[in-house]
Amino acid sequence: MAAFNLSGSDHSSFILTGIPGLEAAHIWISIPFSTFYIIGLLGNFMVLFVVGKEQTLHEPMYLLLCMLALTEIGASTAIVPKALCIFWFNLKGITVGGCLTQMFFLHAGSVTHSAVLVTMAFDRYVAICNPLRYATILTNARIAKLGLVCLTRAVLFVLPLPLLLSRHPFCANRIIPHTYCDHMAVAKMSCGDITVNRMYGLVIVFIVLGFDLTLIGLSYVLIIRAVLRIPSKKAHQKALNTCTAHICVLLMAYPIFLFSTLTYRFGQGIAPYVHIILANLYYLLLPMLNPIVYGVKTKELRDKMHKYICGMRSPGATDSNSL
């Protein structure tokens, strides 16, 4: 996607400072940043590779997991390379067009991520509450269509953010105290009235994410009700175990995201570096931990990943044995 066109501002730029108050520690902060990012890329690409290669994993749950992996790769790649350039090479400049483009991709990734989590909750609801019709309700083609709906919704809701900002004049002071171009951080650089931008940002947080959380909550209420009707305690545990990985991802994703978003708007008493570190953790920890959580909690995926990892090691072992 090309950078957003700007009237009269194409050759201007912003300065991203990194993490304010911790500039002296940037080189040390870059170590966990780069480590988490690389582990996240390896884990998510491994999931994509294994699911793509194994026909037995071409099922709705694993296709949704691939969608989750793609959103995490995209969102983290939108911000981490630039953050590392700031930490390692002090390359703090970013064009206004590049800044708005980065903003679009990272926020679209977050909204898509949330929509995929909703779809995964629906998948678990159908699997537990209507298992006999699971294969007919959630076909691979229907999952692909739901994924397209998730992406379309994200684009329609997030695209106005950079478009609205592109119409604003920006002040002479273009120093953004952040590692990436967050919507409100850029909006505060404007010399114009940003009331519409503030309100629309809150609309996305409270309506879009509120709607997603309501659907997820409703799915789990129906799941718990269905599970409690099962007489066998062993069946109880088996049914709930299928939801464990999804619940873990939900508990990692939404609290960090909501706390980070709301403290940026209302948490004046919180040190800026606390907010910025939390905001970055959302794009670093989730891509790193999600493949691990699903790899540990999902037996079929764990077995297939183990097969390929062992397969990568075995040629070397064979060669050494033949010497």
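To be clear, the structure that these remarks concern was listed above.
Reference entry: report on the structure contained in this document. (Residues numbered from 1 in each chain as written. Predicted model: local features only at pLDDT ≥ 70, side-chain atom pairs only at ≥ 80, totals over all residues. Heavy atoms only, no water.)

Turning our eyes to something else, we now look at a nonpolar patch on the surface. Taken together, the side chains of I27, W28, I31, W88, F89 and L91 present a nonpolar region at the surface, about 700 Å² in accessible area. Of all the secondary structure elements, the ones that give two or more residues to the nonpolar patch are α1 (26–53) and α2 (60–89). No other element matches the three residues that α1 contributes to the nonpolar patch. With respect to the helices, strands and loops of the structure, I31 is situated in helix α1. (Patch = residues over 30% accessible without salt bridge, like charges linked within 9 Å, V, L, I, M, F, W, Y side chains within 5 Å. Areas by Shrake-Rupley, 256 points an atom, 1.4 Å probe, with all protein chains shown as cover. Salt bridge = Lys/Arg side-chain N within 4 Å of Asp/Glu carboxyl O. Helix = DSSP H or I, 4+ residues; strand = E, 2+ residues; numbered from the N terminus.)

Attention shifts here to the pattern of salt bridges. Enumeration over the complete set of coordinates arrives at five salt bridges. Its salt-bridge partner being R153, residue D212 comes within 2.8 Å of it at the nearest N-O pair. Residue D212 is found in helix α8 (residues 195–228), and its partner R153 is found in helix α5 (residues 140–158); the two are separated by 59 residues along the sequence. Here D303 and K299 are joined by a salt bridge, their closest N and O atoms 2.8 Å apart. Of this pair, D303 and K299 both sit in helix α12 (residues 299–322), four residues apart, which is roughly one turn of the helix.

We now examine the nonpolar core. Ranked by internal contacts, the top residues of the largest apolar core, which has 88 residues, are F14, L117, V186 and L301. Setting aside anything within four residues of it in sequence, one finds F14 in contact with K92, G93, I94, V96, C99, F170, R174, I176, V186 and M189. (Core = buried A, V, L, I, M, F, W, Y, C linked by side-chain atoms within 4.5 Å. Buried < 20%, exposed > 50% of the residue type's maximum accessible area, 1.4 Å probe, protein only. Contact = heavy atoms within 4.5 Å.)

To continue, consider empty space enclosed by the protein. Summed over all chains, the structure comprises four cavities of 30 Å³ or more. Counted as a void, the largest cavity has a volume near 360 Å³. Contributing to the lining of the largest cavity are 27 residues, with H107, D182, V205, F257 and T261 lying nearest its centre. Elements that contribute at least two residues to the lining of the largest cavity include exactly α3 (96–129), α7 (183–187), α8, α10 (244–266) and α11 (272–297). Of the residues that constitute the lining of the largest cavity, the class distribution is 15 nonpolar, ten polar and two charged. In this structure, the second largest cavity spans a volume of roughly 70 Å³. Around the second largest cavity, the lining residues are T71, E72, A75, G109, S110, H113, Y282, Y283, L286 and P287. Mapped by element, the contributors of at least two residues to the lining of the second largest cavity are α2, α3 and α11. A per-element tally of the lining of the second largest cavity places α11 first, with four residues. When its residues are assigned to classes, the lining of the second largest cavity shows five nonpolar, four polar and one charged. (1 Å grid on protein atoms, 1.4 Å probe; cavity = no way out; pocket = protein on both sides within 12 Å on 5 of 7 lines; lining within 4 Å. Points joined across faces, edges and corners; volume = space filled by probe spheres on them. Nonpolar A, V, L, I, M, F, W, Y, C, P; charged D, E, K, R; others polar.)

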